[in-house]
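Read off the chains here:
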Amino acid sequence: MFRKEWDKVSLIHGKEIEDNMTKRMTKAVAVSMACTMLAGSVGIFPADEARAAAGPKLSKKSITLKKGKSKKVQLKNKAGVKKIKWSVSNKKVVQLKGKSGAATVKGLKAGSAKLTCRFVYRGKSKKLVCKLIVKQTSQPKGGASAAVSSSLPSAAVPGTPAPAASQQPPVSSNPGQSENPAATNTPEPIPVMEDIDANATYDIQGSLKSALGRFFGNVGTSVNIFQLDSSQSPFQDDKGAMFEFTKNQYNSITPENESKPCRLLNMGTDFSDYFSTDFEAETMPVSEAKANKYYYVPDNYKEEVCPKINYSQFDDYMKKAAESGLRIRFHAFVWHQQTPKWLFKENYKADGDWVTPDVMNARMEYYIKSVIRYICMREEENGWGDVIYCYDVANEYFHNNDGKDEDGNFIKSYWDEVYYPDNKINEKSGAYTQTTEPVYIKSAFAYAREMLDSYGKQNVTLFYNDYNTYQVTENIISMVEYINKEGTICDGVGMQSHLDVSYPSVAAYTAALTKFLACDFIHQVQITELDVTAYPNKRKTLDDQMAYYYDLMKSILNVRKQYPEKMTGLTFWGLYDSFSWRRDGRPLLFESTSKAKGVYYKVLQAAAESEKELGK
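Residues numbered from 1 in each chain as written. Predicted model: local features only at pLDDT ≥ 70, side-chain atom pairs only at ≥ 80, totals over all residues. Heavy atoms only, no water.

Caption draft 1: Broad picture of helix α11 (residues 357-382). Here α11 spans 37 Å end to end across 26 residues, near enough to the 38 Å set by a 1.5 Å rise per residue. Burial runs high along α11: 19 of the 26 residues are buried. At the exit of α11 stands G383, carrying a positive phi of roughly 65 degrees. (Helix = DSSP H or I, 4+ residues; strand = E, 2+ residues; numbered from the N terminus. Expected span 1.5 Å × (residues − 1). Buried < 20%, exposed > 50% of the residue type's maximum accessible area, 1.4 Å probe, protein only.)

Caption draft 2: Just the packing of α11 against helix α13 (residues 439-454), in detail. Two elements in contact, α11 and α13, have axes whose closest approach is 9 Å; the angle formed by their N-to-C orientations is 30 degrees. Of the two elements, α11 crosses α13, and the hand of that crossing is right-handed. Residue-level inspection shows N361, M364, E365, I368, K369, I372, R373 and C376 of α11 in contact with α13, the latter providing Y440, S443, A444, Y447, A448, E450, M451 and L452. Among the residues making up the contact of α11 with α13, the classes are represented as ten nonpolar, two polar and four charged. (Axes fitted to C-alpha atoms, helices over the stretch in contact; angles between N-to-C directions. Left-handed = near helix turned anticlockwise from the far one by under 90°. Contact = heavy atoms within 4.5 Å. Nonpolar A, V, L, I, M, F, W, Y, C, P; charged D, E, K, R; others polar.)

Caption draft 3: Local environment of the pattern of salt bridges. Scanning the entire structure with this criterion turns up 26 salt bridges. Its salt-bridge partner being E611, residue R214 comes within 2.7 Å of it at the nearest N-O pair. With R214 in helix α5 (residues 208-216) and E611 in helix α17 (residues 598-615), this pair connects stretches of sequence that are 397 residues apart. Salt-bridge contacts for R582 lead to D531; the nearest nitrogen and oxygen are separated by 2.6 Å. On the criterion of sequence distance, the pair formed by R582 in the loop between β24 (567-572) and β25 (595-597) and D531 in strand β23 (residues 524-533) is long-range, its members being 51 residues apart. Accessibility expressed as a relative area gives 0% for D531, which makes it buried. (Salt bridge = Lys/Arg side-chain N within 4 Å of Asp/Glu carboxyl O.)

Caption draft 4: Region of the structure containing the pairing of strand β11 (residues 218-223). Within β11, six of the six residues are buried, leaving the element largely enclosed by the surrounding structure. Alternating positions in β11 separate into two faces, N218, G220 and S222 on one and V219, T221 and V223 on the other, with burial throughout. Note that β11 and β24 share four bridges and pair parallel. Bridged to T221 within β24 is F572. (Pairing = 2+ DSSP bridges.)

Caption draft 5: Structural detail: the sheet that holds strand β5 (residues 81-88). Read across the sheet, four strands follow the order β3-β9-β8-β5 without closing on themselves; strand pairing throughout is mixed. For this open sheet the edge positions go to β3 (62-66) and β5, each flanked by a neighbour on one side alone. Going from strand to strand, the sheet's axes swing by 20 degrees on average, the running direction of each strand aside. In this structure, β3 lies alongside strand β9 (residues 124-135), joined through five bridges in parallel fashion.

Caption draft 6: Seen up close, the nonpolar core. Within the largest apolar cluster, 137 residues are counted, with the highest numbers of intra-cluster contacts made by L208, L212, V334, I368, Y391 and F445. Considering every element that reaches this core, the biggest residue donor is α11, with twelve residues. Setting aside chain neighbours within four positions, we find Y391 in contact with F330, F333, I372, I375, L452, V460, T461, L462 and F463. Residues I63, A113, L115 and C117 belong to the second largest nonpolar core, which totals 20 residues. (Core = buried A, V, L, I, M, F, W, Y, C linked by side-chain atoms within 4.5 Å.)

Caption draft 7: Local environment of the sheet that holds strand β2 (residues 57-58). Taken in spatial order, the four strands line up as β2-β4-β7-β6 in an open sheet, and their pairing is antiparallel. The sheet terminates laterally at β2 and β6 (94-99), the two strands that pair on one side only. Relative to strand β7 (residues 102-107), β6 runs antiparallel, the two sharing six bridges. Looking at β7, one finds that L96 is bridged to V105.

Caption draft 8: Expanded view of a positive patch on the surface. Together, K57, K60, K61, K71 and K76 make up a region of like positive charge exposed at the surface. Mapping K60 onto the fold places it in the loop between β2 and β3. (Patch = residues over 30% accessible without salt bridge, like charges linked within 9 Å, V, L, I, M, F, W, Y side chains within 5 Å. Areas by Shrake-Rupley, 256 points an atom, 1.4 Å probe, with all protein chains shown as cover. Lys, Arg positive; Asp, Glu negative; His and termini not counted. Charge placed at Lys NZ, Arg CZ, Asp CG, Glu CD.)

Caption draft 9: Region of interest: α17. Under the 1.5 Å per step criterion, the end-to-end length of α17 is 26 Å for 18 residues, consistent within 8% with the ideal 26 Å. The set of residues buried in α17 consists of G598, V599, Y600, Y601, K602, V603, L604, Q605, A606, A607, A608 and S610. Where α17 is buried, its residues touch β10 (201-203), α5, α7 (241-249), α16 (542-560) and β25.

Caption draft 10: Quick peek at the side chain of Q605. One can find Q605 in helix α17. Of the residues examined, Q605 reaches a relative accessible area of 14% and is grouped as buried. Leaving out residues up to four positions away in the same chain, Q605 has contacts with M193, I196 and Y550.

Caption draft 11: The environment of E481, seen in detail. Residue position: E481 is located in helix α14 (residues 473-483). Spatially, the C-alpha atom of E481 lies 9.0 Å from that of C519, the residues being 38 residues apart in sequence. Every residue in contact with E481, bar those within four places of it in the chain, is listed here: C519 and F521.

Caption draft 12: Structural view of unusual backbone geometry. Cis peptide bonds are those with omega within 30 degrees of zero, and the linkage from H331 to A332 qualifies with 0 degrees. Topologically, A332 is positioned in strand β15 (residues 327-335). Here Y503 and P504 are connected by a cis peptide whose omega angle stands at -5 degrees. Among the secondary structure elements, P504 is positioned in the loop between β22 (498-500) and α15 (506-518). For R539, which is not glycine, the phi torsion reads 60 degrees and is therefore positive. Checked against the element boundaries, R539 lands in the loop between β23 and α16.

Caption draft 13: Just the packing of α5 against α17, in detail. In the contact formed by α5 and α17, the axes pass within 10 Å of each other and the chain directions differ by 35 degrees. Between α5 and α17 lies a crossing of left-handed hand. Contacts between α5 and α17 involve L208, A211, L212, R214 and F215 on the former and, on the latter, Y600, V603, L604, A607, S610, E611 and L614.

Caption draft 14: Highlighting the side chain of D500. Within the secondary structure layout, D500 lies in strand β22. There is no salt bridge for the buried D500, and the closest opposite charge comes from R582, which lies 5.1 Å off by N-O distance. Here T533 takes part through its side chain, which lies 2.6 Å from a polar atom of the side chain of D500. (Polar contact = N/O pair within 3.5 Å; in protein donor to acceptor, adjacent residues only side chain to side chain.)

Right, dumping it as structure tokens:
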């Protein structure tokens, strides 16, 4: 059963490297300059300019108050302002009393929070944020070392000591910029081994989260619920070993499938259902969704029913992660694969007509905001903190023509069938021209950011994720610039990094990485799905793999020196070779939960050498 079921992973999860190497690069549509020139020619009268400069603002940008004390914050220049609403990010730290143009905050216990004022100004939704710090009224017995402030959960690193008491909890100056959870103390030495044999296996010393966490903060892997919870596992010989291995090696996890649309849109939760996409929609009346606190129904949703969302399995996933000090990369909302076709069709029937963009906008907003609302509420209800520290909002847009129909012909993504019906695809070759300004991708980021901000989750970040990013680097940069033109809603780029010892070259990969890091519109870069194959049937050896991994890690760490704050994550895709979707190429660092391959120690060597170079 293990072999039969796991074969499905190779077929459904992703794209084999041989196909990637021969795939034709998509051609970006040139962006018209006419609109830019027209916008630049519109004049602003002096009176309008003066009013804009004196627009709404808060009386204070930050407040420090003592426990039990209160302070007031006012919204100034309220002319033209409507629908004022106040909120705080941490109700355990601060009590809020907000009324119209003013809010009073009272310190409840030491810690930090954010006061957010939302309103409508000149027909547009706006928000202003005031940082709040609450201090103890007196110092506890035992001196300064006993006065430990309560900080935001997202700032902590699983498995590392808490910050020193004298430090204030970190508050991001860039909304949407998550804190890089680098250790605040001196990490343990990186184990280095002499004369490493690529074909040997070794006992596991040290951990990737310790060795690489000092550079990237979040160091992760992909796991499914059956690997986290052995009580649900069909793998009878597991007995919790995979879960213990995950906790020991990583501080971040990415759901293999649990947070993908096909899993959340109410399919079954048995292992036999794990990769299904052909199930029918289960709907409910809109009134039922509106009565359920875990759903969000937007005002522009005009249909009589909406699809149910099955949160049960992902809830188990979050609970297991939170109890274990692991944080989660949510993967992914907008994707052309593993998303049921009925989501894009009238009456939620797969054989219906495609819906209009307006209908799809409402459905997308309903889905994204409902899922994020559920997560934020469950985090708050259970005291989990920011167990989800970032979201892949959109995935593989620049490769969304790699699906095929039953006859083997390439097909457009369902998203493009709705939003760009006139764009044609070559059914035989897959040749397809895409815009670098996709309206639905930008809308998806806006919906996600709006819901996160409503819960004070400015430190939770949003990513665009793709594979073969070294082939479409300029297209991705152009798209992120378009998305962030009016303000940052896409925080970063995820580089999937399913690589092979033959392709791409380390130089080509790091050239793309450098371009992303150098882009002012991109605030973070994460390596999200790293594995490197060495297929023996192509006469590639584990020695080739070990050399490639070492060169790659050294090169990545060398590039990182120029942008140390912008690289915020490194995730390997899978626990060990036989649990990889590319297992025939033996792409990972481990042989099992108890044995490391030689390449593991070569990656640690690269980290140790880079740390030494930084210390000079």
